Amino acid sequence: MKRTARAFWIGAPGHGEIRDVVLPDPAEDEVVVRSLWSGVSRGTETLVFRGGVPENQYATMRGPFQEGDFPGPVKYGYLNVGVVEEGPAALLGRTVFCLYPHQTRYVVPASAVTPVPDSVPAGRAVLAGTVETAVNALWDARPLIGDRIAVVGGGMVGCSVAALLARFPGVRVQLVDADPTRAKTAEALGVGFALPADALGDCDLVVHASATEQGLARALELLTPEGTVLELSWYGDRKVSLPLGEAFHSRRLVIRSSQVGTVSPNRADRSYADRLALALDLLADPALDALVTGESDFEELPDLLPRLASGEIPALCHRVRYTDIG
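Notes on the structure in this doc start here.

Basis of the calculations
Every residue gets a number counted from 1 within its own chain, in the order that chain's sequence is written. The predicted origin of the model limits local features to residues at a pLDDT of at least 70 and limits the giving and counting of side-chain atom pairs to 80 or more, whereas totals for whole chains, interfaces and linings rest on all residues. Only hydrogens and water are set aside; all other atoms, that is, all heavy atoms of the structure, feed into the side-chain values. Structural elements are reduced to axes, namely lines fitted to C-alpha atoms, with helices fitted over the stretch in contact, and the angle between N-to-C directions of any two is expressed from 0 to 180 degrees. Working definition: helices are DSSP H or I runs of at least four residues, strands are E runs of at least two. Numbering for both runs from the N terminus. Reported orientations rely on four angle classes, namely roughly parallel under 35 degrees, roughly antiparallel over 145, roughly perpendicular from 65 to 115, and oblique for the rest. Left-handed is the label given to a crossing in which the near helix is rotated counterclockwise from the far helix by less than a right angle, and right-handed is the label when the rotation is clockwise. Contacts are assigned to residue pairs that have any heavy atoms within 4.5 Å of one another. Gly is placed with the polar residues, together with every amino acid not listed as nonpolar (Ala, Val, Leu, Ile, Met, Phe, Trp, Tyr, Cys and Pro) or charged (Asp, Glu, Lys and Arg). The way it works is a 1 Å grid over only the protein atoms, where trapped points that fit a 1.4 Å probe form a cavity and open points with protein on both sides within 12 Å along at least five of seven lines form a pocket, and then any residue with an atom within 4 Å of a point lines it. Grid points are joined across faces, edges and corners, and a volume is the space filled by probe spheres set on the points. Every case where a carboxyl oxygen of Asp or Glu lies within 4 Å of a side-chain nitrogen of Lys or Arg is listed as a salt bridge. Between buried and exposed lies partly exposed: a residue is buried under 20% and exposed over 50% of the maximum accessible area for its type, with that area taken using a 1.4 Å probe on protein chains only.

## Description of the packing of helix α3 (residues 128–141) against helix α7 (residues 272–282)
Interhelical geometry of α3 versus α7 gives an angle of 110° and a closest axis separation of 8 Å. Classified by the angle their axes make, α3 and α7 are roughly perpendicular. Here α3 and α7 pass one another in a crossing that is right-handed. Of α7, the residues touching α3 (which contributes Ala128, Val131, Glu132, Val135, Asn136 and Trp139) are Tyr272, Arg275, Leu276, Leu278, Ala279, Leu280 and Leu282. Split by residue class, the contact of α3 with α7 holds ten nonpolar, one polar and two charged.

## Overview of the layout of surface pockets
Of the volumes computed, that of the second largest pocket is approximately 150 Å³. Together, Val135, Leu138, Trp139, Arg142, Pro143, Leu164, Arg167, Phe168, Leu278 and Leu282 line the second largest pocket. Going through the elements one at a time, α3 and α7 are the ones with two or more residues in the lining of the second largest pocket. Of all the elements, α3 adds the most residues to the lining of the second largest pocket, at three residues. Considered class by class, the residues forming the lining of the second largest pocket number eight nonpolar, no polar and two charged.

## Concerning the pattern of salt bridges
Counting across every chain of the model gives 21 salt bridges. With a shortest N-O distance of 3.2 Å, Arg148 and Asp204 are connected by a salt bridge. In this pair, Arg148 is assigned in strand β10 (residues 148–152) and Asp204 in strand β13 (residues 203–208), connecting sequence segments 56 residues apart. Taking relative accessible area as the criterion, Asp204 reaches 25% and is therefore assigned partly exposed. Across the salt bridge formed by Arg307 and Glu312, the nearest N and O atoms sit 3.2 Å from each other. Overall, the relative accessible area of 53% leaves Glu312 in the exposed class. The network of salt bridges with common partners includes Glu295, Asp297, Arg319 and Arg321.

Next up, the structure:
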């Protein structure tokens, strides 16, 4: 009997649909995973949904198990938690994380799934991909004890970075966002909060994750001389203007990019698997539940994505629940 599943596809920019799929028979080194939860990363996934991936970034932006091509039809996503129904004995029945799109069941190589620690609830584990981005960013940034740090942009990535920085000894961490409701999230994560105009300056490090040129300009203003902005935002096909005149050179400021597609060269001794396993271990902290700001059933995705993309539903990570596993 053929295994079947249902998957969420972007049929065309701005239009989502659920399609029936037939799963292949698993090979000896593959697993069949039944989805429990998946997560919508509001920044990247809504940009893909709108058709905002630049043509010269199509290859870079491909997900590990993406089907189709940008701008569509395309099956895209990378925050999936499920249970192994078939596969090697060591994984059978285990809850696992996989960089897989929104689909009720799927077949992947056993090497593509990472067991979720017993200390991490399955619903929280959907954050693993974003916490992994934050881990890589901090490997790039190398914050020091006593640093004064701002995180500009209280979205999913920015809040993940702030949550990890809250564990660093002796640092001053402030989450900066134009939305005053992010103050509650900052409190849950154990960091300070400020609106952009009120943010504390003289920062040794500013992590920028607002995906706006205003946010990046403010990040530069918050630096101490010879301070660094770590740029985590991805702007898709938008052009960004920056104030690189005035005191930018005399203050010897630094802007450095960071992207999760490559393990930070500062940690050349770590693999992708090491980084993801670390992210999952860090998710034992219940404070990270503050990053999950909504929940819907899988069948609601075609109606949900337009509302997330338009901002009608404000969200950090919106969690998708798989109650009907057909």
